[in-house]
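Each chain is listed here by its residues.
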Amino acid sequence: MSMNNQGRPTDTGTSGFASTSGSSLLPNEPLLFEIGDTEHSGVDLPDVTITDDFLGGFKRQMPLDLAGLTEPEALRHYVRLSRLNYSIDSGMYPLGSCTMKHNPRLNEKMVRLPGFADIHPLQPTSTVQGALELMNELAHWLMTLTNTAAVALTPKAGAHGEMCGMMAIRAAHAAKGESHRNVVLVPDSAHGTNPATAAFLGYTVKTIAANAQGTVDAAAVKAALGPDVAAIMLTNPNTCGLFEPQIIDIAKAVHEAGAYFYCDGANFNAIMGVVRPGDLGIDAMHINLHKTFSTPHGGGGPGAGPVVLSEALAPFAPVPFVCKGGGPLALVEQAEGEHLGRITAFNGQMGMYVRALTYMLSHGGDGLAQAAKDAVLNANYVKARLTPVFSTPFGEGPCMHEALFDDHFLEDTGVTTLDFAKAMIDEGFHPMTMYFPLVVHGAMLIEPTESESRQTLDHFCDVMLELAADAKAGNAPRFSAAPTRAPRRRLDETRAARQPKLKWERPMDVPQAAE
Amino acid sequence: MSMNNQGRPTDTGTSGFASTSGSSLLPNEPLLFEIGDTEHSGVDLPDVTITDDFLGGFKRQMPLDLAGLTEPEALRHYVRLSRLNYSIDSGMYPLGSCTMKHNPRLNEKMVRLPGFADIHPLQPTSTVQGALELMNELAHWLMTLTNTAAVALTPKAGAHGEMCGMMAIRAAHAAKGESHRNVVLVPDSAHGTNPATAAFLGYTVKTIAANAQGTVDAAAVKAALGPDVAAIMLTNPNTCGLFEPQIIDIAKAVHEAGAYFYCDGANFNAIMGVVRPGDLGIDAMHINLHKTFSTPHGGGGPGAGPVVLSEALAPFAPVPFVCKGGGPLALVEQAEGEHLGRITAFNGQMGMYVRALTYMLSHGGDGLAQAAKDAVLNANYVKARLTPVFSTPFGEGPCMHEALFDDHFLEDTGVTTLDFAKAMIDEGFHPMTMYFPLVVHGAMLIEPTESESRQTLDHFCDVMLELAADAKAGNAPRFSAAPTRAPRRRLDETRAARQPKLKWERPMDVPQAAE
Amino acid sequence: MRYLPHSNAERAEMLAVIGAASAEALFATVPASARLSKPVDLPTHSPEFLVEAHMRALASKNHAAADGPFFVGAGAYRHHVPATVDHLIQRSEWLTAYTPYQPEVSQGTLQMLFEFQTQVAHLTGMEVANASMYDGSTATAEAVLMARRLTRKDKIVLSGGLHPHYRDVVTTYLDHSPSLIALPASPEGQGDILNQIDDDTAAIVIQTPDFFGHLRNVEKAAEAAHAKGALLIVVVTEVVSLGLIEAPGALGADIVVCEGQSIGNPLTFGGPYVGLMATKKEFLRQMPGRLCGETVDADGNRGFVLTLSTREQHIRREKATSNICTNSGLCALAFSTHMGLLGEAGLTRLARLNHSRAVRLAKALGAVPEVELLNKSFFNEMTIRLPVPAAPVVELLAKAGVLAGVPVSRLIPDDPAVANLIVLAATELTTDEDIDMLGECLHAALEDRS
Amino acid sequence: MRYLPHSNAERAEMLAVIGAASAEALFATVPASARLSKPVDLPTHSPEFLVEAHMRALASKNHAAADGPFFVGAGAYRHHVPATVDHLIQRSEWLTAYTPYQPEVSQGTLQMLFEFQTQVAHLTGMEVANASMYDGSTATAEAVLMARRLTRKDKIVLSGGLHPHYRDVVTTYLDHSPSLIALPASPEGQGDILNQIDDDTAAIVIQTPDFFGHLRNVEKAAEAAHAKGALLIVVVTEVVSLGLIEAPGALGADIVVCEGQSIGNPLTFGGPYVGLMATKKEFLRQMPGRLCGETVDADGNRGFVLTLSTREQHIRREKATSNICTNSGLCALAFSTHMGLLGEAGLTRLARLNHSRAVRLAKALGAVPEVELLNKSFFNEMTIRLPVPAAPVVELLAKAGVLAGVPVSRLIPDDPAVANLIVLAATELTTDEDIDMLGECLHAALEDRS
Ligand SMILES: Cc1ncc(COP(=O)(O)O)c(C=O)c1O
Ligand SMILES: Cc1ncc(COP(=O)(O)O)c(C=O)c1O
């Protein structure tokens, strides 16, 4: 296909972009830059003339070179692209550690009320009392569910929450003159953000090995604790889908050693309304509103990662926070006292606060507890139905909200966890999380969430068992070839990394059409 | 799959409903009644107790037997179902006579403003002045674009508009003591609603044959006119995509014979802002807001079919209508004088008025004229590119907004218009209108609308030419087998009609599971 | 213009391919005298944000139902529509699809219609339902015509409890036919329709709950009609009532038509709404409107198609059962998704809640001095008689922000028997505070008078 | 509860399959002392319409920007977001997908990210861009850390024109490191940052338009930095400016970070927003965040994947370039769709329109007695000095319904040099009437004082 100098195809040859993947309803969509050009626009605006008087000599000379589409073209481009995606709304999305639960549309409607969507973070606080009240209410729910003394709402995601919590710990140590503590203990089953966060703040990461049951021994923690240890970062329920049975002892040991207990709360969905982490002795824990409290994942974000804090850490919370006195609510925006300062501009993810609170009010405390129980029920149901065909690294006992398998059952089949995952795609399911946690060989981490019906779970299990049987029956080619029914076959990741092509480049090898 | 007594599958056998049509992203979705039951619900409501005191002994005894789904299940059910549909947003939809143009989302946003969506048709008119103003403004645009004296906004769709206009004509004749006029002239190329409407009102339909150019001769009309003729119903531009060249003469002849000229305005998109039908001598014409003015087709409706009326017919307009005096706007709701009465409860399709006016204001008069010109340009472009490979029943001259072909070019290929249409589906395009108008053998009526880019048109034409070449090359099986890449292969319509199964029935042959 | 993909350069290139000298050349077949020589006298195109500002200004001149206590019903009801419903109907694949004439790429719409038809049949207690009509009023007129075709008789009797707009629409559709008997309004639930049935009668039309809120005896009407070979058409304008009130199909109705707006569709000043029509299997071939049926595809897989189209205009032209073409597809989707969310359990709860709110309203109104409640039975709507003409009182209350219902005189003018009446509805959205405020305002308005 | 699919009967059946005696049995591994013995002290579940009523009540306590004249900017800007953008981002397939770790069924998100990266690169004039950061402020902090890694030097100098929140965030991220030099606020556009650069300097950070609205000289800064082996980080908080103001990449910037909110994303009280980050190819491997790259599938068809993940936490853990995981995917989509609608032509017009509104604003402010405009250059934002402390005046105007901008003292308290300053922005949504009203109110407020 030849291109004019905007990269817009000009010939009339069959470009073949109408369909792909064996289906007429799943299009093969060209790039924005292949269909748009710098003259077309889908936005009408008056074309005002301006002078350079106030531009200080900095008027743009470099071509913007941004492709535009008229509105009908743009709408179609993005609708067609979207159809190539799997989503919660189109099927079960059992990604372990991700809590791909139902995202209520009421949340979306509420966040679009002008009183929330159309308010500025720096308006006078007298004009945003409803927003501050909402933040206060959200904080109340989070603190009540966790039995903690404070919550820092502003972290932008889980990892940012980790950073915030660990900064509070660092600040607390500094306040005690304990800044020499430079080691953070992290179990080997931890999510990558945990060690990355610790390192990001300059800490040395000391790894704690999981025991044979997939959990952390208090003894192992005690052995690793010492005067140089600032904190432990422990996930609970952990990334193997198990509640840490010795967590109370661990917390005690950590505190006795003068360290703090950071809990990764990404898996809070398993226990909300059932267990309050504050009762376990944690000092800080982030909560992924985009997991536990149903704010949409949006193809990778945005999220929100509020961090609840114990009495000990509360004084170190970052600004801003809402302050409730007698009169109107105030927003404390400047760090005073021991507060650790500001970790983001403005007031955090208000859009997520609105959604999360809407979700909480819909469920109520009773509904949240039921949701946690159902999440655990569903994971155990999947575990029960798939065991013993699927191999369980840590026994057949109950799990929390996710069921973990290893690839032992695929031994000698020539089928890998990756192959197995791709074959699931062909059966209409999004794969589970693969190869995480790292402590399990060929891990398959299945988190159904509470949103799946028994019927869907049964269908999922049927497919999983059928695939396992097929793998064991020697039908490896089905797996290594998979997926064959998705919009794309397997993609060459090595090539992508070796010859990075990270943006569209105007095809240079094609002779420019005369204009 | 066995069912429990709610028809909910209870077994764990592979039900195979995850995917179909060769793609993992196009699901095979069970019926609501197969996944829902009478106990599940996606709506939380307090469960109040009531007495029978005010129910007059008419409390419901018959089981409702309505399947319910919880919210996540329902959302997924309808999202998955929707993915089996083709739509304007997913590709070119060149259905002739249907004007499948871009449906702006601004329209959807505006109609959802509480000031429009949340007002009742019988609120005091003092509380809905904005609504009346909007109706007035819409009427102004429609009358200006058509140069007519009045407009009846309330018809619910095109056919309802035809009924309304023909009722006005009937009333006008009655007022003149001409009620004996019981014949309506309708060209054989007319849309089915035209003769159906005439018959619906008790008129005898007299068919006028099109001439060899696909249009209506004034002479033929004159020959058919007589003292028994109440009206002619003529479509312009007509269903062959041609402007009726003798329309002014026809109007004159009709009026001279004491009859009225009903114009089917379904194809107004070709001429808005370019030709005013009032200038041609028409007496009544419906405008499909869901075609010309971009209100969405919604899988079959709702639409709106306002009817513009000449001076002669204006006094017979139905109620309600907005009346502009000095003070607040009034809504005339009771038929007085010669007004023909009421054709629907309340005030017509307000939701469509809002969308259509939003669309008009966005385009402006200039934009509407440009849109008409682009619609005509696009149809002529397709016609030029496909001719002479595709056969044109009425010559190669310019058309209006749709290009009409017949199946002559498929002679001896063993491929029918239907086959050809189904093969287009495999190539990712929605077929054009087939076998309409009836006056053309194996008609293929292509209306690209102004919303398609040249690039898309080229791609479409490439595919059409490739298909034609393939048909001529003797590859009939490709066509008779088509579609093979849609969610379903060809459906057995005969069976559907012979053994009508119009609702879900609880499977009786399956033993009920014990509960 | 943001909606038009062509640049002027592209237009010129395309004209060159066509071989036309100019855009105007394509309009050569239009008589020159008919072509506009100058632009139409209308505003020019406008940026989205200015259009939005204009529309918002218009909208803000209306008093939205949520802005204060609200008791307006009379054929259109303010219910809560779940956010999921409104989200779903905006999905491209529902919103921008056409009538499913190409079933292979329209299975979404078709299966939904099949489910919709099932829901309507179950709700009304009838054997078959169609894929929707414009609204309840036009569906009623179509039902009357259908009954005439089925019985080959002419006379139609409309109950005095039928919504006056519906009565007017039937009257217009029947062109004021002398064989149409529209009984006078029956605000007390009285009525002599059974006496009107004779051997020439094609059908009688009754509404329940009727326009004044009374629940009517469908069974007796069916018996009386059937005794004379007439059909019984039952109209339901508040479809939520069917969650609590007996299904007309269980009581002998031959055709049931409903206004389906209450489920899934906002008020929007009267439209678009969705007409439901259900009947007995034996009457199927005289039914107007589209029907969706189950079948199989070439691979034997279950699928759905539009069927029995030989009743319809696009096949039968002047011999069709109706001229209807475009119907209320997207409103039917809204109905079906909302009903799919409710299910039997939810609809039952919703109906009970509506009724209990209405009981609360009835008690409050009964407590206002000089106000007389006319209903012994009701679902969620009722009629009161004031000691003075109702319209000015309703207007007065509107000024105070309370939308107190519909003065019957607005729909039946010049009839002293109804001049003092107001029809009021309560729904799940009606709060105790709303009701108390209404009672107080009504009391105050009537006191002020004296 | 409407979100939970199981009935109690189903729960019991499932427990039976599991072989557990009760739901509680599944929590057996939780220490008994940690299990709640009674329900949490929170409200119970609630119908949708009551939740909606609660949220609407909260929302109605806020003054929305559209409710009156509005001039608040300072890092977040009120622009018109086309309805198409907000519609698209609500589509299930965008909204409810995860990070595209399974590329075969995530090509929609991946191709969009590839397009987004291209748009950001072109806009900033840089070679590569990542798939988004949380927001502009955290992206700035990440850029600073990236510069330290790249240069293996420590010292960072922040311009006095940098948004105070950004300065605070960098300070927190660097744990108040002594090698961080944050210059005092420079409301007149003055600044001595170039003198601060020495051989130990890893990077200098400048913002343009700066916090006070001044356009800063990027080229000179780049030259000075590069002369000492330091990197230049350019921050842009109003990304619309890039439609009119020279691309930092064309002037020698090494890393460009922007707050992308202005394109496609509403204000929402400060978040979620979207951070843009672009740099030179040579710096790629020290860049934080996700990257999407082009490749082919097993059939040779073009496709996209997340790539170069060896920079990231899930692969490299403690050796990662950042701990970022979840980013701003959906806000990036909003940005990309809005930018795809604008294109070069639209963005240019939008930027010009913003500037011309600001010129109008500047003139009006200049005409108010006792008000001093500090800017010689600006894009759509500017700073004025009042004869009195600004905060009470802004509060006063807010009471009158005019949101007059941000008193600088709110972000930089206790600094007499800025106490009388207000930063004000104009956008395409600012009307002449808004500006005139502001001028009048300001005038009145200052007069009242005397
Ligand atoms: C266990 C765990 N911790 C932390 C995170 C990081 O959260 P975020 O992606 O919101 O930064 C995740 C997210 O996947 C996680 O699963
Ligand atoms: C030429 C023509 N006339 C009338 C109609 C009927 O319009 P509606 O479907 O809105 O009733 C149509 C619709 O397809 C049409 O194409």
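Just so it is clear, the structure is predicted and the values come from calculations on it, not from any experiment.

## Let's talk about the overall build of chain C
Counting its regular elements, chain C contains 13 helices and 13 strands. Principal axes of the C-alpha set define a box for chain C whose edges measure 80 × 55 × 50 Å. When each of the 450 residues of chain C is scored for burial, the buried share is 71%. For chain C, the exposed surface amounts to about 13200 Å²; the carbon and sulfur share of it is 51%. Within chain C, one finds 36 positive and 50 negative side-chain charges whose respective centroids are separated by 4 Å.

## Looking at the sheet that holds strand β1 (residues 128–129) of chain C
Two orientations exist for strands paired in a sheet by backbone hydrogen bonds: parallel and antiparallel. Residue and element names in this part refer to chain C. If you walk across this open sheet you meet the seven strands as β1-β7-β6-β5-β4-β2-β3, and the pairing is mixed. The open sheet has two edge strands with one neighbour each: β1 and β3 (180–182). Across the sheet, helix α9 (residues 218–227) touches β4 (201–207) and β5 (231–236), and the angle it forms with β5 is around 155 degrees.

## What about the pairing of strand β9 (residues 302–306) of chain C?
Burial runs high along β9 of chain C: four of the five residues are buried. Between strand β8 (residues 292–296) of chain C and β9 of chain C, which pair antiparallel one after the other, the connecting turn spans five residues, and G300 of chain C there sits at a positive phi close to 85 degrees.

## Some details on the interface of chain D and chain A
Chain D puts 189 residues into the contact, and the matching count from chain A is 202 residues. For the pair chain D and chain A, the summed buried surface comes to about 16900 Å²; carbon and sulfur atoms form 63% of the total. For the pair chain D and chain A, the number of links is 15 salt bridges. Put simply, R302 of chain D and E34 of chain A hold a salt bridge, and the shortest N to O gap is 2.8 Å. Ranked by the residues each element gives to the side of chain D that touches chain A, the list is headed by helix α11 (residues 329–366) of chain D, at 23 residues. Each residue belonging to the side of chain D that touches chain A can be placed in one class, and the counts come to 91 nonpolar, 61 polar and 37 charged.

The rules behind each value
Residues numbered from 1 in each chain as written. Chains lettered and ligands numbered in written order. Predicted model: local features only at pLDDT ≥ 70, side-chain atom pairs only at ≥ 80, totals over all residues. Heavy atoms only, no water. Helix = DSSP H or I, 4+ residues; strand = E, 2+ residues; numbered from the N terminus. Buried < 20%, exposed > 50% of the residue type's maximum accessible area, 1.4 Å probe, protein only. Areas by Shrake-Rupley, 256 points an atom, 1.4 Å probe, with all protein chains shown as cover. Lys, Arg positive; Asp, Glu negative; His and termini not counted. Charge placed at Lys NZ, Arg CZ, Asp CG, Glu CD. Pairing = 2+ DSSP bridges. Contact = heavy atoms within 4.5 Å. Axes fitted to C-alpha atoms, helices over the stretch in contact; angles between N-to-C directions. Buried area = accessible area lost by both parts, 1.4 Å probe. Salt bridge = Lys/Arg side-chain N within 4 Å of Asp/Glu carboxyl O. Nonpolar A, V, L, I, M, F, W, Y, C, P; charged D, E, K, R; others polar.

By themselves these figures say nothing about function.
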